[in-house]
Each structure stands twice: as structure tokens, then as C-alpha cells.
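Overview (structure and organization)
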Amino acid sequence: MSPWRLLRDGPGEAAWNMALDEALLRHAASGVLRIYQWRDPAVSLGYFQEAAVAPAGRPFVRRYTGGGLVDHARDVTYTVVVPRHDALGGLSTAESYSRIHEAVAAALRRIGVEAELAASCDPEEADACFNRAVRFDVVHAGRKVAGAAQRRTRAGMLQQGSVLLPDPARNEALRAALPEAFAAALGVALEPGAPTEAERAEAETLVRERYGTEAWNRQR
């Protein structure tokens with residue numbers, strides 16, 4: 001099994017963050033865990049959501065994955081990408097979702113936040129991701145603290161996830177704990193790396209043609 005790349009990114013613009021995630025998927029050759037931040041307190045919308053759900057006056061971007069609205073003002077965000085031939089990508093959506101969230105829950109426990117996976121979906125629908133837990137989301141003290149959404153293509157699988165801690169002062173501790181927790185929970189080796197030139201070039205194109213455009217972000 002090839003080692004996974006560990007990408008640690010500082011604050012990036014909303015369009016760039018989403019474009020790089022898709023570029024990583026398009027060029028998937030081995031697993032990637034990306035932990036990143038947001039330059040502005042942007043909001044991301046699920047692929048199928050109406051643009052009207054975005055709060056007035058807030059910058060927003062449409063994700064390549066589904067799910068609900070996520071406010072990135074104080075969360076921890078990560079991305080997992082695996083190629084089609086990877087064992088994780090060969091699992092069902094529910095199985096891979098739960099495996100990844102087991103890793104997130106383990107990271108939370110490492111920093112002293114008790115966490116477990118939700119056994120079922122909350123009955124009420126909600127536009128905002130953190131207002132409704134679905135099965136295998138991560139919960140703490142009865143409240144959802146981590147959610148995610150997946151996209152699968154011929155290239156592989158992309159999962160974009162967000163963790164909203166009760167105390168954002170612990171965000172850095174969580175970012176530090178995630179790689180070791182992922183390595184242990186998924187049985188992979190993580191090697192620090194960076195996007196390739198091809199991935200960066202693809203991301204720049206996607207910013208210009210997709211994530212940085214009104215046509216993409218307001219398409220629904």
C-alpha cells in the first residue's frame with residue numbers, strides 16, 4: 001500500500017480551497033489527508049443546495065460534494081481523497097463515511113473531547129449541516145460536532161469534512177491530533193507532502209472556470 005500524503009495548508013481563499021480538493025480527486029494516485037483553513041469566514045454550500053440559503057453579506061462557495069451549509073468561521077476542515085483502487089474507496093458510502101468519522105472521533109478523544117458516532121439520523125431536515133446529524137456523524141454530549149459529504153467519480157472518492165468544537169481554542173490541538181488518529185484508525189502511513197505542479201495548475205483552472213464564478217456558485 002502506498003503511503004498517503006499529508007497536506008497541511010494555512011488559510012486559503014474559499015474558491016481555492018474547493019478547487020484544490022477537486023484537483024486532488026482528479027489526479028488521485030494514492031490517498032491524501034488535507035487539513036486546511038479559510039482566509040475569510042466563508043460559508044460553503046452543498047452541491048445541490050439553493051444559493052438563497054447562504055447568509056446575506058457572507059462570502060460563499062459551492063462545494064463539489066453534497067450535504068448542508070457549513071459556516072467556516074471557526075471550524076476545522078479536512079479532506080480525504082483516495083483513488084478507486086484504494087481499499088477505503090472500495091467500501092460503500094456508509095462504510096467509508098463511518099471509517100473516516102471513527103478517525104475524527106479518535107482525534108477528538110485524544111484532545112479530551114468525548115465523541116462517538118451517531119446511531120441514526122435526526123428526524124428533522126435542516127439547511128445547515130450542524131443542525132442535523134445523520135447516521136455515522138460524530139456527536140459530543142448529544143450534539144453533532146463533525147459532519148461530512150462525499151463525491152465519487154471514476155478517479156476515486158472525495159470526502160470533505162468539518163469539525164465544530166464547543167471551544168474553538170482547541171482547534172489547533174485537533175489539527176495536530178488528526179494525522180496520527182487517521183493513521184491509526186485507517187491503518188495507513190502518512191508522509192508530509194505538497195500539491196504537485198499538475199494539481200496546482202488544475203486548481204487554478206478550476207478557480208477561474210468554476211469555484212470563482214457566479215455561474216457555479218449561484219447555479220441553483
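Treat the numbers as computed from the prediction; the structure is a model and nothing was measured.

Focus: the packing of helix α1 (residues 14-26) against helix α4 (residues 197-211)
Between α1 and α4, the least distance of the axes is 8 Å, while the angle of their chain directions is 125°. Taken as axis vectors, α1 and α4 run oblique relative to one another. Every pair of crossing elements has a handedness; the one defined by α1 and α4 is right-handed. When α1 is examined against α4, the residues Ala15, Trp16, Met18, Ala19, Leu20, Glu22, Ala23, Leu24 and Arg26 are found in contact with a partner set consisting of Glu199, Arg200, Glu202, Ala203, Glu204, Leu206, Val207, Arg210 and Tyr211. Of the residues assigned to the contact of α1 with α4, the class counts are 11 nonpolar, no polar and seven charged.

Structural notes on the sheet that holds strand β8 (residues 138-140)
Here we have eight strands laid out as an open sheet, ordered β7-β8-β9-β10-β6-β2-β1-β11, and mixed in their pairing. Of all the strands in the sheet, just β7 (116-117) and β11 (190-192) have a single pairing partner and so form its edges.

Looking at the pairing of strand β9 (residues 143-152)
Most of β9 sits out of view: seven of its 10 residues are buried. Direction of pairing for β8 relative to β9: antiparallel, over a ladder of three bridges. Residue Val138 lies in a different strand from β9, and its bridge partner there is Ala146. Between the end of β8 and the start of β9, which pair antiparallel, lie two residues, with Ala141 showing a positive phi angle near 50°. Sheet topology note: the β9/strand β10 (residues 156-163) ladder contains seven bridges and is antiparallel. By the bridge assignment, Ala148 is partnered in β10 with Gly161. Counting the residues between successive antiparallel strands, the hairpin from β9 to β10 contains three residues.

Cut-offs used in this document
- Residues numbered from 1 in each chain as written.
- Predicted model: local features only at pLDDT ≥ 70, side-chain atom pairs only at ≥ 80, totals over all residues.
- Heavy atoms only, no water.
- Axes fitted to C-alpha atoms, helices over the stretch in contact; angles between N-to-C directions.
- Helix = DSSP H or I, 4+ residues; strand = E, 2+ residues; numbered from the N terminus.
- Parallel < 35°, antiparallel > 145°, perpendicular 65-115°, else oblique.
- Left-handed = near helix turned anticlockwise from the far one by under 90°.
- Contact = heavy atoms within 4.5 Å.
- Nonpolar A, V, L, I, M, F, W, Y, C, P; charged D, E, K, R; others polar.
- Pairing = 2+ DSSP bridges.
- Buried < 20%, exposed > 50% of the residue type's maximum accessible area, 1.4 Å probe, protein only.

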